[in-house]
Amino acid sequence: MRRLEMLSNTIFGVAMTLLAYDLPKAGRFASAPGWIDILNVYAQPVIALTISFIVSGLFWFSHHRRLAVAPEASRGVVFLNLLFLLSIIILPVTNGLYGIYRLDGVVAVIYGVHLLTIATLNGCCGLSPSGPLRSAIDGNGVIPIAVFVIATATALVSQR
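Conventions and cut-offs
Residues numbered from 1 in each chain as written. Predicted model: local features only at pLDDT ≥ 70, side-chain atom pairs only at ≥ 80, totals over all residues. Heavy atoms only, no water. Helix = DSSP H or I, 4+ residues; strand = E, 2+ residues; numbered from the N terminus. Buried < 20%, exposed > 50% of the residue type's maximum accessible area, 1.4 Å probe, protein only. Contact = heavy atoms within 4.5 Å. Areas by Shrake-Rupley, 256 points an atom, 1.4 Å probe, with all protein chains shown as cover. Lys, Arg positive; Asp, Glu negative; His and termini not counted. Charge placed at Lys NZ, Arg CZ, Asp CG, Glu CD. Phe/Tyr/Trp six-rings, centres within 6.5 Å; stacked < 30°, edge-to-face > 60°. Lys NZ or Arg CZ within 6 Å of the ring centre and 35° of its normal. Axes fitted to C-alpha atoms, helices over the stretch in contact; angles between N-to-C directions. Parallel < 35°, antiparallel > 145°, perpendicular 65-115°, else oblique. Nonpolar A, V, L, I, M, F, W, Y, C, P; charged D, E, K, R; others polar. pLDDT = per-residue confidence, 0-100. Expected span 1.5 Å × (residues − 1). Arc of directions from axis to C-beta. Disulfide = S-S within 2.5 Å. Core = buried A, V, L, I, M, F, W, Y, C linked by side-chain atoms within 4.5 Å. Polar contact = N/O pair within 3.5 Å; in protein donor to acceptor, adjacent residues only side chain to side chain.

### Brief notes about the overall build of the protein
- When helices and strands are tallied, the protein shows seven helices and zero strands.
- The helix and strand sequence of the protein, counted from the amino end, reads α-α-α-α-α-α-α.
- Reported as C-alpha extents along the three principal axes, the dimensions of the protein are approximately 55 × 35 × 20 Å.
- Put simply, the protein has 160 residues, and 40% of those count as buried.
- If you take every contact in the protein between residues at least 6 apart in sequence, the share linking residues at least 24 apart comes to 75%.
- Counting only carbon and sulfur atoms, one obtains 72% of the accessible surface of the protein, whose full area is about 9,200 Å².
- Charged side chains in the protein number 10 positive and 6 negative. The centres of these two groups are separated by 5 Å.

What follows is the structure in structure tokens.
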């Protein structure tokens, strides 16, 4: 379990760092930008980065807390955790799309489905025999899933 915990810490750290990869670079401006220029260029990507960083930080905390109390894990539990970590690795990709095309309905749905997938896998990890059932119910599972279902459905409906 400690090796899985170290792997997950590394994956979360790299993924959370890569969230900033798609931020516009200063070379995008031909001359010194004004406040409005900076706001126009950076507002959407920084909002997306902030949302994704906070969400991934909350999932890291949940995952870390669950791994800290699990003495060991079966192959199935490890595989489920690896699927969860795979969904975290992809977060910089959907974050980049959302940061550039935040107001696009299709991108909002893709981003919402991705966050819903992360929440669902996290909830499933909490339901595994090595994870306490309470962690899946008390907010690490049900509440985030419900929030992302509502948000994704809203994005899907507003897309039409």
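And the narrative resumes.
### Considerations on the packing of aromatic side chains
- What the rule picks out here adds up to five aromatic pairs.
- Residues F29 and Y42 carry aromatic rings whose centres are separated by 6.4 Å and whose planes lie at 40 degrees to one another, so their mutual orientation is tilted. Remark: Y42 occurs in helix 2 (residues 35-69) and F29 occurs in the loop between helix 1 (2-18) and helix 2; sequence separation between them is 13 residues.
- Taken together through their ring pairs, the aromatic side chains of F12, F59, F84 and F148 make up a single cluster.
- Looking at K25, its charged tip hangs above the ring of Y21, at a distance of 5.6 Å from the centre.

### Examining the packing of helix 2 against helix 5 (residues 105-127)
- Remark: helix 2 packs on helix 5, axes separated minimally by 10 Å, with the N-to-C direction vectors making an angle of 10 degrees. One way to sum up the angle between helix 2 and helix 5 is to call them roughly parallel. Residues A48, I51, S52, V55, F59, S62, H63 and R66 of helix 2 form the contact with helix 5, whose own contacting residues are Y111, L115, I118, A119, N122, C125 and G126.
- Classifying every residue of the contact of helix 2 with helix 5 by side-chain character gives nine nonpolar, five polar and one charged.

### Considerations on the confidence of the model for the protein
- In this model, the protein carries a mean pLDDT of 85, and residues with pLDDT of at least 70 account for 91%.
- Confidence over residues 133-138 falls short of pLDDT 50; this stretch has 15 contacts with residues more than four positions distant or in other chains.

### Here's the deal with helix 7 (residues 142-159)
- Over its 18 residues, helix 7 extends 26 Å from the first C-alpha to the last, a length consistent with the 26 Å expected when each residue adds 1.5 Å.
- If you check which residues of helix 7 are buried, you get P144, F148, T152 and A155. Viewed along the axis of helix 7, the buried residues span an arc of 60 degrees, placing them on a single side of the element. Along helix 7, the residues that are exposed and aim more than 90 degrees away from the buried face are I150, V157 and S158.
- Considering only its buried residues, helix 7 is in contact with helix 2 and helix 5.

### Looking at the state of the cysteines
- Following the criterion strictly, the structure yields zero disulfides and no others.
- C124 takes part in no disulfide bond, and the closest cysteine sulfur, belonging to C125, lies 7.2 Å away.
- Taking the relative accessible area as the measure of exposure, C124 reaches 34% and is therefore partly exposed.

### Quick notes on the nonpolar core
- Within the largest apolar cluster, 27 residues are counted, with the highest numbers of intra-cluster contacts made by F12, F59, F84, I88, L115 and I118.
- Those elements that place two or more of their residues in this core are helix 1, helix 2, helix 3 (75-89), helix 4 (91-100) and helix 5.

### Regarding helix 5
- For helix 5, built from 23 residues, the straight-helix expectation of 33 Å at 1.5 Å per residue is met to within 8% by its first-to-last C-alpha distance of 32 Å.
- Among the residues of helix 5, the N-terminal cap falls to D104, whose side-chain oxygen and the backbone nitrogen of V106 are separated by 3.1 Å.

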